[in-house]
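Summary of the model geometry
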Amino acid sequence: MAKMVVEKVSSEEEKENHHPYAYHVSGPRNISSPNWRDIISSSWKDENYRRTVIACFIQAVYLLELDRQENRPPETALAPKWWKPFKYKLSQTLIDERDGSIFGAVLEWDRSAALTDFILIRPSGAPKAVLALRGTLLKGPTIRRDIEDDLRFLAWESLKGSVRFNCALDVLKSSVDRFGSCNVCIAGHSLGAGFALQVGKALAKQGVFVETHLFNPPSVSLAMSFRNIGEKAGFVWKRFKSMLPSSSGENNQTDDQCVGIGSNGGKVCADIMKWVPHLYVNNNDYVCCYYTNPEMKENGGQSSNSAGKDNADPTRVKAAAAKLFVLSKGKQKFFEAHGLEQWWKDDLELQLALNNSKLIDRQLKSLYSLPAPAPPQWKAL
């Protein structure tokens, strides 16, 4: 009987070793695990290495849910192989209370595992904790709630009404309280990137800046389409209004200006710009490709790069700060262009574009809009 059990376990392990999602089958190639040399020169300082590892962590979250759905025991689970090579451990899973599915996980630096390979201290740049959020999983047990949140974003361009948003925000705040904001990272793919962006922005508004990595973040919504129509109508109205006599008392201050420049407003704006999310976009992916549209001004369609000219408004805030990594290839199928696997490929060639995305500026605009300073309180004599 015992022999039959051993043979059954062995056959299951052999089956999982050939699984298409097994780390050694579809994981990154030519990437080394941390070693004692990282004490001096850390691999985490390399952006390619950092992107690869964080993408692997998000893949682990997908597999945590698949392991749960397929009732895999710890001995044959697929997910752990995607974080163990990098000396991290699973600290917490984020559960959607609506269907019990796993949509996120917190991975922490595993000091014990590191010591076994003579890594005495955490490599420079390696976060103490990473909150990873998966995207839509086209499997029966969870597809309903995933699609529900997809439609929520499509309709409103906001995920704050989802239970996943509040759960992710609470977990991220807890990690920041425990490790400090400079030691915590949040990352997501597809729908998970949408949550990561909005959760990271919510903390940034509170003055807490967390490193953020967004893979194939959603960029298409009905709300955006209606807003574009409204902006075009507004542009026509402003052109017409400019031909009419104007009132000298009209307040021309826009929402994306910083109030109080010259007193303490400039310092606040400078602090806000400490939050610079990293976006990874494929031009062939219609879900996220809108992020590559350049920022255009309302006055004649000139690029935002003209903001540095002498006649530019000195109180106007520059384009929102973000790192946009664009992958441009030949014609690709949607699932290939939208997939997470592409971000740990060896032959990946990315172009870095800074501060020239219309959608980035639109998504982060609220961070740069400060409330007007309160009027001074005069005491009665």
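Residues numbered from 1 in each chain as written. Predicted model: local features only at pLDDT ≥ 70, side-chain atom pairs only at ≥ 80, totals over all residues. Heavy atoms only, no water.

1. Observations concerning the overall build of the chain
Quick reminder of the rule: Comment: elements are numbered from the N terminus, with helices defined as DSSP H or I runs of at least four residues and strands as E runs of at least two. Only protein chains enter the accessibility calculation, which uses a 1.4 Å probe; a residue is then buried when its area is under 20% of its type maximum, exposed when over 50%, and partly exposed in between. Throughout, a contact is declared for two residues whenever any of their heavy atoms are within 4.5 Å. For the accessible areas, the method is Shrake-Rupley and the probe is 1.4 Å, while residue cover comes only from the protein chains on display.
Per the secondary structure count, the chain includes 11 helices and 8 strands. Counting only residues that meet the buried cut, the chain has 45% of its 381 residues in that class. Nonlocal contacts in the chain, meaning residues at least 24 apart in sequence, comprise 77% of its contacts between residues at least 6 apart. Within the structure as shown, the chain displays about 20700 Å² of accessible surface, and the carbon and sulfur contribution to it stands at 55%.

2. Re the layout of surface pockets
Stated formally: In the cavity and pocket records, a cavity denotes points on a 1 Å grid over the protein atoms alone where a 1.4 Å probe fits but cannot get out, a pocket denotes an open set with protein on both sides within 12 Å along at least 5 of 7 lines, and lining residues are residues with an atom within 4 Å of a point. Grid points are joined across faces, edges and corners, and a volume is the space filled by probe spheres set on the points.
Computed from the structure, the second largest pocket encloses a volume of approximately 1100 Å³. Elements supplying a minimum of two residues to the lining of the second largest pocket: α3 (47-69), α5 (140-156) and α10 (334-338). When residues of the lining of the second largest pocket are assigned to their parent elements, the largest contribution, 5 residues, is made by α5.

3. Description of helix α6 (residues 163-179)
Filter applied, for reference: Expected span, for any helix, means 1.5 Å times one less than how many residues it has. Counted as a polar contact is a pair of N or O atoms within 3.5 Å, where, for protein atoms, one must be capable of donating a hydrogen and the other of accepting one, and residues adjacent in sequence contribute only when both atoms are in side chains.
Across its 17 residues, α6 extends 24 Å between first and last C-alpha, which sits within 8% of the 24 Å expected from 1.5 Å per residue. For α6, the complete set of buried residues consists of Arg164, Phe165, Ala168, Leu169, Val171, Leu172, Ser175, Val176 and Phe179. Turning to α6, the residues buried within the fold contact β1 (88-95), β2 (102-109), β3 (129-133), α5, β4 (184-189) and α7 (191-204). A side-chain oxygen of the first residue of α6 lies 3.1 Å from the backbone nitrogen of Arg164; this N-cap is Ser162. Among the residues trailing α6, Gly180 stands out with phi positive, at a value near 95°.

4. A closer look at unusual backbone geometry
For residues besides glycine, phi is generally negative; the peptide bonds are generally trans as well. In this model, Asn30 sits at a positive phi of 55°, which is unusual for a non-glycine residue. Among the secondary structure elements, Asn30 is positioned in the loop between α2 (23-26) and α3. Judged by relative accessible area, which is 77%, Asn30 ranks as exposed. Despite not being glycine, Ser190 has its phi angle at roughly 55°, a positive value. Residue placement: Ser190 occurs in the loop between β4 and α7. For Ser190, a relative accessible area of 10% translates into the label buried.

5. Focus on the packing of α6 against α7
Heads up, the rule is: Lines fitted to the C-alpha atoms define the axes, with helices restricted to the stretch that makes contact. Angles between their N-to-C directions range from 0 to 180 degrees. Each angle gets one of four labels, with under 35 degrees taken as roughly parallel, over 145 as roughly antiparallel, 65 to 115 as roughly perpendicular, and the rest as oblique. Crossings are classed by handedness, with left-handed meaning an anticlockwise turn of the near helix from the far one by less than a right angle and right-handed meaning a clockwise turn. Polarity classes work like this: nonpolar for Ala, Val, Leu, Ile, Met, Phe, Trp, Tyr, Cys and Pro, charged for Asp, Glu, Lys and Arg, and polar for all others, with Gly in that last group.
Where α6 contacts α7, the two axes come as close as 10 Å, and the packing angle between them is 55°. Classified by the angle between their axes, α6 and α7 sit oblique to one another. Between α6 and α7 lies a crossing of right-handed hand. Residue-level contacts link Arg164, Phe165, Ala168, Leu169, Leu172, Lys173 and Val176 of α6 to Leu191, Phe195, Gln198, Val199, Ala202 and Leu203 of α7. For the contact of α6 with α7, the class distribution of residues is 10 nonpolar, 1 polar and 2 charged.

6. Focus on a nonpolar patch on the surface
We count it as follows: A patch consists of residues exposed above 30% relative accessible area that lack any salt bridge, with like charges linked at up to 9 Å and nonpolar side chains (Val, Leu, Ile, Met, Phe, Trp, Tyr) linked at up to 5 Å. A side-chain nitrogen of Lys or Arg and a carboxyl oxygen of Asp or Glu constitute a salt bridge if their distance falls within 4 Å.
Together, Trp36, Ile39, Ile40, Leu115, Phe118, Leu120 and Ile121 make up a nonpolar patch on the protein surface, roughly 760 Å² of accessible area in all. You can see Trp36 is positioned in the loop between α2 and α3.

The analysis is restricted to geometry; functional conclusions fall outside its scope.
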